[in-house]
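# A closer look at the structure
Spelled out, the chains give:
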Amino acid sequence: MKYLMLIYGNKNIWNSAVPAGLAALIKEVDAFNEGLRESGELVALEGLVPKARSVRMGADAPVVTDGPYLEAKEYVGSYFVVDVDSDERALEIARSYPAVRHGGGAGGGIEVWPLMKRGGSDL
Amino acid sequence: MTLDQSVEGLLRALAPQVLGMLVRRYGDFAGCEDAVQEALIVAVDAWPRAGVPEYPLGWLGTVATRRYVDQVRADTARERRERAVVDALPRDALVTAPVDVEPGQDDLLELLFLCCHPALTAPSQMALTLRAVGGLSTSEIAAAFLVPEKTMGQRVSRAKQRLREVGARFELPSGPERGPRVRVVLHVLYLVFNEGYSASAGPALHRADLTGEAVRLARRLHERLPESGEAAGLLALMLLTEARGPARMGPGGELIPLAEQDRSRWDRTAITEGTDLLTRAMATLPLGPYQVQASIAALHDEAASVEDTDWPQILALYDILERLAANPVVSLNRAVALAMVHGPQAGLDVLHELERGVLAGNHRLLAVRAHLLEQAGERASAATAFQEAARLAGSVPEQRFLLRRAARCAAG
């Protein structure tokens, strides 16, 4: 079963760690990613550059605008996709994501989305 | 059959034999498995061009042995062990090919027990089985499960590392341990089959033929365990399910439910084989859940239409299945059979009970409820239930199917 993990936060949350804490956090995140890679569960992993544009339908054509991220309360900073044995395992991975623990209630978090399968069972 | 296909078939059949041969000689499953994989890759390249060697098993054994020894030699830290390995070999072991002349012991069962070791997760069990026993390459397995090759490679090497950690042995489990271990092997083959079968209804994707591979392995398992009623039952279940494959998908890749399938497109040869196998197994061997599921599939396969189906018999089989292996999905299927025998309201009453259990909010349960509401003539409620089921569906073809049903009900 594949799951998309969306990591939410904002500048304040991500910048709140003191430099020493930040270095420790980065190290933990690297170790976390390496663990998933080694177990053969990591399918994809990317960070997002906070320079998104949104394309929405205007009066008669799609309109491109900046943001609206930087003002938003929380936005997606990175994502990864895992392929795991069970729903429980997906939640266990999300709970163990280092930044979730480091947030200490300052905000930020991770959303766990099951990915649709391409095929289908008998009906 | 083209040369490439016959070479591929031959290699798949030989892969577990070569691996068994090497593991027996060196005892190092992880290293031997890598060496066999490399030998298979060499053969895939060489045989279609130069022709299949006179003694294919011996050829593969020789190449795999060389690879294994090279691997050990390359690791300088293991120099001492390398000498021990080479010294332990008979002088001619690296060049002669006696195995085809004197077929060795078939190590299929030992390999299956090792690859389906209970210490591994299901995805790892499937990957390792397909590689070590099925002879598929890492990239083929990765493509079949839609993950990057690197991810699959990691999964295989982690699984082998885990086997080492738990001290898994290349041998047949004995006594009381054996039954549960056979059940794990059967379950892994069942999962491989399902993975392939449910994917075959998706948009045209390049996927290795997992259903064919599962059937092939189940067939070999049944040959080696003729006394296992469940090995026979699983093979029968696969044959009887796969038989409907050609009719379960429309021209646009959409799923066609059992009730609307063109039954003349079902594979009669597979149905006959599956039914015969099942009849023999049920007459002589202990009963188990795979046999019961196969019996249900056989009753569907033998019916000329939905109306013609022996629903009372199917309901009785679901009652047995609930006693043998209770699970919510079985209860859900039983509700459908119950509705076919005693009317939609009887089915809806059972669903009402199930909604309080672990299936609460499950899209299958919602889809069955929608279907029964439609049968009961409550089209507006059925449309809402189909929409809700579509929203929660786990796959694109199922979602599209449910949305079509919702639209049909809404149109009244």
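Scroll up a little and you will see the structure.
Just so it is clear, the structure is predicted and the values come from calculations on it, not from any experiment.

In terms of helices and strands, chain A carries four helices and six strands. For chain A, the succession of helices and strands along the chain, N to C, is β-α-α-β-β-β-β-α-α-β. Sorting the 123 residues of chain A into buried and exposed places 19% on the buried side. Considering only intrachain contacts with a sequence separation of at least 6, the fraction spanning at least 24 residues in chain A is 76%.

Each partner contributes residues to the interface: chain A has 17 residues there, and chain B has 28 residues. The set of elements that each furnish at least two residues to the side of chain A that touches chain B consists of α2 (19-38) and β2 (42-47) of chain A. Taken together, the residues that form the side of chain A that touches chain B break down as five nonpolar, five polar and seven charged.

This part is about helix α14 (residues 311-324) of chain B. Residues and elements named next belong to chain B. With 14 residues, α14 should reach 20 Å at 1.5 Å per residue; the first-to-last C-alpha distance of 20 Å fits that figure. Turning to α14, its buried residues number three or more, namely I314, L317, Y318 and L321. Down the axis, α14 shows its buried residues gathered within 105° of arc, on one side only. Across α14 from its buried face, at more than 90 degrees, point the exposed residues P312 and R323. For α14, the secondary structure elements touched by its buried residues are α13 (289-302) and α15 (328-342).

This brings us to the pairing of strand β5 (residues 75-83) of chain A. Residues and elements named next belong to chain A. Pairing analysis gives eight bridges linking strand β1 (residues 2-9) to β5, with the strands arranged antiparallel. Opposite M5, over in β5, you have F80 as the bridge partner. Relative to β5, β2 is paired through five bridges, and the arrangement is antiparallel. Paired with A44 across the bridge in β5 is V81.

Rules used in this analysis
Residues numbered from 1 in each chain as written. Chains lettered and ligands numbered in written order. Predicted model: local features only at pLDDT ≥ 70, side-chain atom pairs only at ≥ 80, totals over all residues. Helix = DSSP H or I, 4+ residues; strand = E, 2+ residues; numbered from the N terminus. Buried ≥ 20, exposed ≤ 12 C-beta atoms within 10 Å, placed from the backbone. Contact = placed C-beta atoms within 7 Å. Nonpolar A, V, L, I, M, F, W, Y, C, P; charged D, E, K, R; others polar. Expected span 1.5 Å × (residues − 1). Arc of directions from axis to C-beta. Pairing = 2+ DSSP bridges.

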